[in-house]
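# Results of the structural survey
Here is how the chains run, residue by residue.
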Amino acid sequence: MLHFLDNYPLEYMTTLSIGGPTKKFVKVKTEEELIKAIKYAKDQLMPYLIIGGGSNLLVSDEAIDCLVIKNEINGISATHPRGEKMRLHLRGIMVSTKSGTPLQKLVNYTIQHGLSGLQKLTGIPGTVGGAVYGNAGAYGQSISDHIIKIATLNPDKLTIEQFNNPQCWFNYRDSIFKQNKYAILEVIFQLKKGDPKALQQEAKEILAKRLVRYPPDIKCSGSFFKNLIVSEIPRGILKNIPPEKIVYGKIPAGSLLEEVGAKGQKLDGIEIAPYHANLFINKNNGTAKAFYNLAKTYAIKVKNKFGIKLEPEVQLINLPKILE
Ligand SMILES: Cc1cc2nc3c(=O)[nH]c(=O)nc-3n(C[C@H](O)[C@H](O)[C@H](O)COP(=O)(O)OP(=O)(O)OC[C@H]3O[C@@H](n4cnc5c(N)ncnc54)[C@H](O)[C@@H]3O)c2cc1C
């Protein structure tokens, strides 16, 4: 039974603790409930938005005329490619995960079962669905690396459609789901056997590094702007970038923001981390407006100095583009 709430403040649903009220809000725990919720929005001619952990969202302060559907469809199971449970096979073990499963739960599961390929994603908040949508990654590993199939819901026909890995158009922090707005329902990974102790140790070391950048109570949405891929930057612009800023074929957005003095800047409760210029933190009852204005100010400075248009990695909800 779906329980719709009216005028629900989205600040409760984002890791930034920012966001105005949405006209309707509902949590779904099964795929049937998700379909019902989408049908409801369509019947009411109301736009809808599926969210997971709200860890990659900047939502406007103003009210949103929308149904926000919080995906809590949870579950992990592992099968041998021919259906036998948890047996090693040359092609690897298939792990099937419902999209509302917390990513950390999946990472822990794979480590405990000695399955290699997701351990470096430890510490990334949010759900598996949110991670697939933005092809989340860290320390050289991306969620897309071992995905073989995704079950989705076609939002127009409300039919289930399967995508194999190439059909998902995965790229750096990008996937086809940013364009087609299909609902991600279930994700199937194929993972190779590894040593649980070694995987655990790797994850432990990464988590320790992450805790320095993201202390437990931090209110943020991860890195705000995407890093830049050198091969995608026109030569005329690339010549403006000091070569030492290029790291493994990418230019970290943070290093350009640092060059224009972003580190430690503050505006009305929002602070850019003094230790990382691409990390915007809600320190003291900050608003989306302050966050947006601070981000825009420094994106313009980067554009003026380097000719580079930074693009947000974070999804802007009910807000205009940072740079046209
Ligand atoms: C402290 C911190 C550290 C972070 N570190 C990293 C990092 O190292 N690497 C990294 O890549 N990211 C990082 N992030 C960003 C964020 O955690 C990831 O992008 C995460 O994968 C988002 O998942 P989510 O469930 O919270 O998505 P949400 O924020 O809820 O949603 C993000 C987008 O995904 C869409 N979406 C969500 N679920 C579905 C679904 N089932 N079907 C279709 N669309 C869907 C939403 O509509 C929205 O557009 C960090 C964030 C924080 C707060």
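Residues numbered from 1 in each chain as written. Predicted model: local features only at pLDDT ≥ 70, side-chain atom pairs only at ≥ 80, totals over all residues. Heavy atoms only, no water.

Turning next to the overall build of the protein. Scanning the protein from terminus to terminus reveals 8 helices and 20 strands. The C-alpha atoms of the protein give 20 Å as radius of gyration, which agrees with the globular expectation for 324 residues (20 Å, within 12%). Its C-alpha atoms put the protein at 55 × 50 × 35 Å along the principal axes. Long-range contacts, defined as pairs at least 24 residues apart, comprise 62% of the intrachain contacts of the protein with a sequence gap of at least 6. Taking the average location of the 43 positive side-chain charges in the protein and that of its 29 negative ones, the two points are 4 Å from each other. (Helix = DSSP H or I, 4+ residues; strand = E, 2+ residues; numbered from the N terminus. Rg over C-alpha atoms; globule rule 2.2 N^0.38 Å. Contact = heavy atoms within 4.5 Å. Lys, Arg positive; Asp, Glu negative; His and termini not counted. Charge placed at Lys NZ, Arg CZ, Asp CG, Glu CD.)

Taken as a whole, the protein is organised into domain 1 (5–71), domain 2 (76–204) and domain 3 (215–317). Here the C-alpha centre of domain 2 lies 24 Å away from the C-alpha centre of domain 1. In this complex, domain 1 contributes 12 residues to the contact, which on the side of domain 2 involves 14 residues. Each partner contributes to the roughly 990 Å² buried at the junction of domain 1 and domain 2, and carbon and sulfur atoms together form 63% of this total. Joining domain 1 to domain 2, the criterion identifies 1 salt bridge. Notably, a salt bridge pairs Glu 31 with Lys 98, separated by 3.2 Å at the nearest N-O pair. Viewed at the interface, domain 2 and domain 1 are joined by 4 residue pairs in polar contact (both at pLDDT 80 or more). A per-element tally of the side of domain 1 that touches domain 2 places helix H1 (residues 31–43) first, with 6 residues. Taken together, the residues of the side of domain 1 that touches domain 2 break down into 5 nonpolar, 4 polar and 3 charged. (Domains from an automatic or database assignment. Buried area = accessible area lost by both parts, 1.4 Å probe. Salt bridge = Lys/Arg side-chain N within 4 Å of Asp/Glu carboxyl O. Polar contact = N/O pair within 3.5 Å; in protein donor to acceptor, adjacent residues only side chain to side chain. Nonpolar A, V, L, I, M, F, W, Y, C, P; charged D, E, K, R; others polar.)

Within the open sheet, the 4 strands sit side by side as E1-E2-E5-E3. Their pairing is mixed. Of all the strands in the sheet, the pair left with one neighbour each is strand E1 (5–9) and strand E3 (48–51). Each neighbouring strand pair of the sheet contributes to a mean axis angle of 40°, computed without reference to strand direction. With 4 bridges joining them, E3 and strand E5 (residues 64–71) adopt parallel strand pairing. Within the sheet, the bridge partner assigned to Ile 50 lies in E5 and is Ile 69. (Pairing = 2+ DSSP bridges. Axes fitted to C-alpha atoms, helices over the stretch in contact; angles between N-to-C directions.)

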